[in-house]
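Understanding the architecture of this molecule
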Amino acid sequence: MKAIRNYLDKIKPQFQKGGKYEKFHSTFDAFETFLFVPDRVTHTGSHIRDALDMKRTMTMVIIALIPTLLFGIWNAGYQFYLSQGQEAGFWTIVWEGFLRVLPIIVVSYVTGLAIEFAFAQARGHEVNEGFLVSGMLIPLVMPVNIPLWMVAVATAFAVIIGKEAFGGTGMNVFNPALLARAFIFFAYPGDITGDKVWVAGLTTGQAVDGFSGATPLAHAAAYQIDQIPPLHDLFLGFIPGSIGETSKLAIFIGAAILIITGIGSWKIMFSALLGGLTMSYIFNLVGANPYMEIPPLTQIMMGSFLFGIVYMATDPVSAAQTEKGKYIYGFLIGLFSIMIRVFNPAYPEGTMLAILLMNTFAPLIDHYVVEANISKRMKRSAKLTNA
Amino acid sequence: MTKIIKIRRGLDLPLVGEAEKVVTGYSAKTYAMKPTDFAGLVPRLRVKEGDVVKAGSPLFVDKFNERVTFTSPVSGRIEEIVRGEKRKVLEIRVVKSEMDEYEEFRKGDPASMTPEEIKDELLKSGLWPLIRQRPYAIIANPDHQPKAIHISGFDSAPLAPDYDLIIHGKADEFQTGLNALVKLAPKVHLNLRKGEGVSKVLLNSKGVQINYFEGPHPAGNPGIQIHHIGPVNKGEVVWYLRATDVLLIGRLFLEGRYRPEKVVALTGGGVKKPQYLRMTAGACMEGIALQHVKEGNYRIISGNVLTGTNIGHNGFLGYYDWQISVIREGKYHEFLGWALPGADKLSASGTFLSRLFPGKKFDPDTNLHGGERAFVLTGQYEKVLPMDIYPVYLLKAILAQNIDKMEQLGIYEVAEEDFALCEFVCASKIEVQSIIRQGLDLMRKEMS
């Protein structure tokens, strides 16, 4: 540790102004601050600062994602052996899933971080930590059979068009990970829809008789309500789906971590859940088709609804910024997720589109919340001048 | 009509080094007045090096309102006028003489004086700058008629001095000070902490409206109190000061002399034995650094750790300060510090292990704990700013220099000290207080 520090101090001058590798200042800085919290001290204002920084913040989100990742790896292996009709031990299953999931994670991180570093370098900024989270979210919202080159293209699109074009972390309008998924959905719909993509090996190989690979949502969309797995399977996650979305238990653990640490907004999660339940209940009352008649609890346990509202809707940059706005933003995400899911015939899930839609409207919600504050203040002043 | 106001948002930082309730004497060889203690002030000097002054003799005045005088806290000889960049005056240092000599001012009960006479006396003696105003958080303009005067009867900042201890037994001085202030405004509010142990001197105050506040810091900030009792609207002026400052004003009228003796809390993890010290305003820290500060690299701050000024080991107590904080300098690299469990890390978030030990006290240092980033997290500032104001929107309006938006979002109601906790909690390490001051200065320039 001391040796690393000494080495860094030795090579540091080469990366500073006038040094041989001045151009790679941002890269050096990123690695240095990764290894060591900088020795910078306060100069103006508050002399002491909270120990929380952006690296810690992003680390917490990644920790909150780990349960879903671990379960996703296991489930990828489990679904594979299930489709082959074979029995396999726990570690065999995990190993199979690991081999399927790891490449997607690696491709996502390498592509995204390379672009982040290049942009930071070109701008002379420090490298932002935002992609640490996006890089993990992207694999978790993909089907396990996604071709790797598509992951790379989608990640590049999300980072360049979705984030850097707006000015980098903190300035983006849309959640980068969702943008990556939406990109594949619209550019290569065949690889992210249907019954074959969710279970490893199904796109090329054969499954045993009776195994379709269809997700609960696909069953629901086809009105095969009796085919939807029981509630406890939906909750624990022994079902086909995107890598990270299937286990609701893992998602609840992640949500608890986000809420306890104060990093994720419970207001958004809570109001989105409420919105989803409300919409499901309204559909129950209408009951025009079998999809509408699905009980609210089953409705929210299916698909990526919970994953979306816990990890995606709470992204502070693309969500509503005001506290009152967060309630409205979350509620509408829940409402639209279920509404799009039930009404959209082309694609069984609605959460992705609902969150992206509300990302667009978040600034508008905030605008009205802040305007209300302003008009209150202006009225108070006006009363004074009239009196 | 007494009001009880409950402040819900805010944060009390649990720090080590609270001053024990013992008062000992402290005197220094050198004393100084610092024009930099006063936001936006352009000083015009009235003395040169070598001049002999008494306590209460003018050292400099406000260039734009020469009635506002700044006087010497002690009698002696002007040792040095310290200047900085562009010959900006930083300090006027006075070497204290053996014998104390005082300028004589009018002695008498302010109750029988006219407002103009009271103002005149405060202006001449150098006590006027204790009274500040919203908007802009600057020295009050004596030509204005304020809507009200607010006196904060407690300090809620980390390790803040206990006003009840300082004011105890000084009923005469305090009430005389209040008698002067009630002549200057149609209404005077005295805002006290709700709870046990509030000094009888404060509770028995006459001629003022007493309000009670409860809740975490910044409940003791005048800005927060004004916001909850009667917010400043465009075109209005509210004056404010601290209860401890009222003592100095009362003493002037009782004794006819400017004798700014203070009981200052010496606090923080860097102090050997945290306690109260009786000293005269503007005292040099040299003796404190030698006697009271632990061995090692420590920062001496005049004021509290959130809003004070780093004055160095040979600096001088600030004009408004009743507290000295000493904390460790944080100039070190921490290996993977952002990833450690952090049982000893002070944080308002729940991301460190220290969250599991409620009641634990911390000894934080001056390390920034990270690099500056764009605004990412939301809702952080709102949790510690008990005002009906959208802090991030206001800060962005200031950065964009959008005068209209600043006004609409409530710039008149705020001061940098109200945003100190926002700066503390900020995960993006944004210098919130400097931005607010920039905004106030810009607004003031625009409106004059």
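Everything numeric here is computed off the predicted structure, so don't read it as measured data.

The rules we used
Residue indices follow the written sequence of each chain, beginning from 1 at its first position. Here the convention is simple: chains get letters from A, ligands get numbers from 1, in the order in which they are written. Two thresholds apply to this predicted model, a pLDDT of at least 70 for residue-level local features and 80 or more for giving and counting side-chain atom pairs, whereas whole-chain, interface and lining totals are computed over all residues. A helix here means a DSSP run of H or I that spans at least four residues, while a strand means a run of E at least two residues long, and both kinds are numbered starting from the N terminus. Our radius of gyration looks at C-alpha atoms and nothing else; its globule reference is 2.2 Å times the residue count to the power 0.38. Residues are called buried when their C-beta atom has 20 or more other C-beta atoms within 10 Å, exposed when it has 12 or fewer, and partly exposed otherwise; all C-beta atoms are positioned from the backbone. Any residue pair is listed as a contact if its two C-beta atoms, each placed from the backbone, are within 7 Å. Note: two strands are recorded as paired if DSSP finds a minimum of 2 bridges between them. The axes used here are C-alpha line fits, helices contributing only the stretch in contact, and every angle between their N-to-C directions lies in the interval 0 to 180 degrees. These domain boundaries are the output of an automatic or database domain assignment. Residues of type Ala, Val, Leu, Ile, Met, Phe, Trp, Tyr and Cys that are buried and joined through C-beta atoms within 7 Å form what is called a nonpolar core. Polar here means any residue outside two lists: the nonpolar Ala, Val, Leu, Ile, Met, Phe, Trp, Tyr, Cys and Pro, and the charged Asp, Glu, Lys and Arg; Gly therefore counts as polar. Given a helix with a known number of residues, its expected span is that number minus one, times 1.5 Å. Bending is quantified residue by residue as the angle between axes fitted to the seven-residue window ending at that residue and the seven-residue window starting at it. Predictor confidence is given residue by residue as pLDDT, running from a minimum of 0 to a maximum of 100. Should an angle fall under 35 degrees it is taken as roughly parallel, and over 145 as roughly antiparallel, whereas 65 to 115 is taken as roughly perpendicular and any remaining angle as oblique. Each crossing gets its hand from how the near helix is turned against the far one by less than a right angle, where anticlockwise is left-handed and clockwise is right-handed.

1. With respect to the overall build of chain B
Scanning chain B for helices and strands turns up 11 helices and 21 strands. Taking 2.2 N^0.38 as the reference for a compact globule, 448 residues should give roughly 22 Å; the C-alpha atoms of chain B span a radius of gyration of 21 Å, in line with that estimate. Taking the principal axes of its C-alpha atoms as reference, chain B extends roughly 65 × 50 × 50 Å. Counting over 448 residues, chain B shows a buried share of 54%. A separation of at least 24 residues holds for 70% of the contacts in chain B among residues at least 6 apart in sequence.

2. Description of the overall build of chain A
Each helix and strand counted, chain A has 15 helices and one strand in total. What you see for chain A is a C-alpha radius of gyration of 23 Å, in line with the 21 Å of a compact globule of 387 residues. Considering only C-alpha atoms, chain A reaches an extent of 70 × 70 × 35 Å along its principal axes. In chain A, buried positions account for 52% of the 387 residues. For chain A, restricting intrachain contacts to residue pairs at least 6 apart in sequence, the fraction spanning at least 24 positions comes to 71%.

3. A short note on the sheet that holds strand β13 (residues 188–193) of chain B
Residue and element names in this part refer to chain B. Across the sheet, seven strands lie side by side as β1-β14-β13-β12-β15-β10-β11; this open sheet has mixed pairing. The open sheet is flanked by β1 (3–6) and β11 (138–139), the only strands paired with a single partner. Of the strand pairs in this sheet, β13 and strand β14 (residues 209–214) are connected by five bridges, and their pairing is parallel. Among the inter-strand pairings, L190 is bridged to a residue of β14, identified as I210. Along the sheet, helix α5 (residues 222–229) makes contact with β1, β10 (132–134), β12 (148–152), β13, β14 and β15 (238–242), crossing β12 at roughly 130°. On the sheet, helix α6 (residues 243–255) packs against β12 and β15 and is oriented at approximately 90° with respect to β15.

4. What to know about the domain arrangement of chain B
Looking at the assigned domains, one finds that chain B contains domain 1 (1–27 + 104–330), domain 2 (28–96) and domain 3 (368–447). Centre-to-centre, using C-alpha coordinates, domain 2 of chain B lies 32 Å away from domain 3 of chain B.

5. Here we look at the environment of A171 of chain B
Turning to its location among the elements, A171 of chain B is positioned in helix α3 (residues 171–182). Separated by 76 residues in the primary sequence, A171 of chain B and L247 of chain B have C-alpha atoms spaced 8.9 Å apart.

6. Looking at the nonpolar core
Membership of the largest hydrophobic core comes to 232 residues, with the highest contact counts inside it found for Y329 and I333 of chain A together with V264 and L394 of chain B. Looking at this core element by element, the count peaks at 13 residues for helix α3 (residues 54–84) of chain A. When near neighbours in sequence (up to four residues on either side) are disregarded, Y329 of chain A contacts I268, A319, A320, M358, A362 and I365 of chain A.

7. Structural notes on the interface of chain B and chain A
Each partner contributes to the interface: chain B provides 63 residues, whereas chain A provides 50 residues. Elements supplying a minimum of two residues to the side of chain B that touches chain A: β18 (298–302), β21 (334–335), α8 (391–399), α10 (420–425) and α11 (432–447) of chain B. It is α10 of chain B that contributes the most residues to the side of chain B that touches chain A, four residues altogether. Tallied by class, the residues present in the side of chain B that touches chain A amount to 27 nonpolar, 23 polar and 13 charged. Bridging between strand β1 (residues 36–37) of chain A and β21 of chain B involves two bridges; their strand directions are antiparallel. What sits directly across from F36 of chain A, in β21 of chain B, is F335 of chain B.

8. Thoughts on the environment of A272 of chain A
All names here are of chain A. By the element assignment, A272 lies in helix α11 (residues 266–286). What makes A272 buried here is the crowd of 34 C-beta atoms within 10 Å. Along the primary structure A272 and L332 are separated by 60 residues, whereas in three dimensions their C-alpha atoms are 6.9 Å apart.

9. Let's talk about helix α4 (residues 90–123) of chain A
Residues and elements named next belong to chain A. When the terminal C-alpha atoms of α4 are compared, their 48 Å separation across 34 residues agrees well with the 50 Å that a helix rising 1.5 Å per residue should span. Of all the bends found along α4, the most pronounced is centred on L99 and spans about 25°, while P103, a proline, follows it within four residues. One or two steps after α4, the chain reaches G124, where phi turns positive at roughly 70°.

10. A look at the confidence of the model for chain B
All names here are of chain B. Averaged over all residues, the pLDDT of chain B equals 93, while 100% of them reach at least 70. Within chain B, β12 carries the highest mean pLDDT (97), whereas β21 carries the lowest (82). With a pTM of 0.92, the predicted complex shows an ipTM of 0.91.

11. Some points on helix α5 (residues 130–140) of chain A
Most of α5 of chain A sits out of view: 10 of its 11 residues are buried. Looking at the buried side of α5 of chain A, the elements it contacts are α3, α4, α6 (148–163), α7 (176–187) and α13 (305–312) of chain A.

12. Some words on the pairing of strand β20 (residues 323–328) of chain B
Consecutive side chains of a regular strand alternate in pointing toward one face of the sheet and then the other. Residue and element names in this part refer to chain B. Burial runs high along β20: six of the six residues are buried. In terms of strand pairing, β18 meets β20 through five bridges, oriented antiparallel. Within β20, the position partnered with Y298 by the bridge is R328.

13. With respect to unusual backbone geometry
Excluding glycine, most residues fall at negative phi; most peptide bonds, likewise, are trans. All names here are of chain B. Cis geometry is adopted by the peptide bond preceding P135, which originates at R134 and carries an omega value of 0°. Considering the arrangement of structural elements, one finds P135 in the loop between β10 and β11. Residue P218 follows H217 across a cis peptide bond; omega there is 10°. Relative to the helices and strands, P218 is located in the loop between β14 and α5. Positive phi, normally seen in glycine, also occurs at R87, with a value near 55°. Unusually for a residue other than glycine, K429 sits at a positive phi of about 55°. Positionally, K429 belongs in the loop between α10 and α11.

14. Re the packing of α3 of chain A against α5 of chain A
Residues and elements named next belong to chain A. At a minimum axis separation of 9 Å, α3 and α5 run at an interaxial angle of 15°. Our classification of the angle between α3 and α5 gives roughly parallel. Crossing angle aside, the handedness with which α3 passes α5 is left-handed. Every residue of α5 that contacts α3 at M58, V61, I62, L65, T68, L69 and G72 is listed here: G130, L132, V133, M136 and L140.

15. So, the sheet that holds strand β4 (residues 43–45) of chain B
Residue and element names in this part refer to chain B. On the basis of which strands lie adjacent, the open sheet formed by three strands has the order β4-β6-β7 and antiparallel pairing. Two strands lie at the open edges of the sheet, namely β4 and β7 (65–71), each paired on one side alone. Looking at each pair of strands side by side, their axes are set apart by 35° on average, direction ignored. Pairing geometry for strand β6 (residues 58–62) and β7, over four bridges, is antiparallel. Bridging across to β7, P58 finds its partner in T71.

16. Considering the packing of α3 of chain A against α4 of chain A
All names here are of chain A. Contact pair α3 / α4: the axes reach a minimum separation of 7 Å and the direction vectors enclose 110°. In this view, α3 runs roughly perpendicular relative to α4, as classed from their interaxial angle. Where α3 abuts α4, its residues G72, I73, W74, N75, A76, G77, Y78, F80 and Y81 lie against I93, V94, W95, E96, G97, F98, R100 and V101. Of the residues in the contact of α3 with α4, the class split is 11 nonpolar, four polar and two charged.

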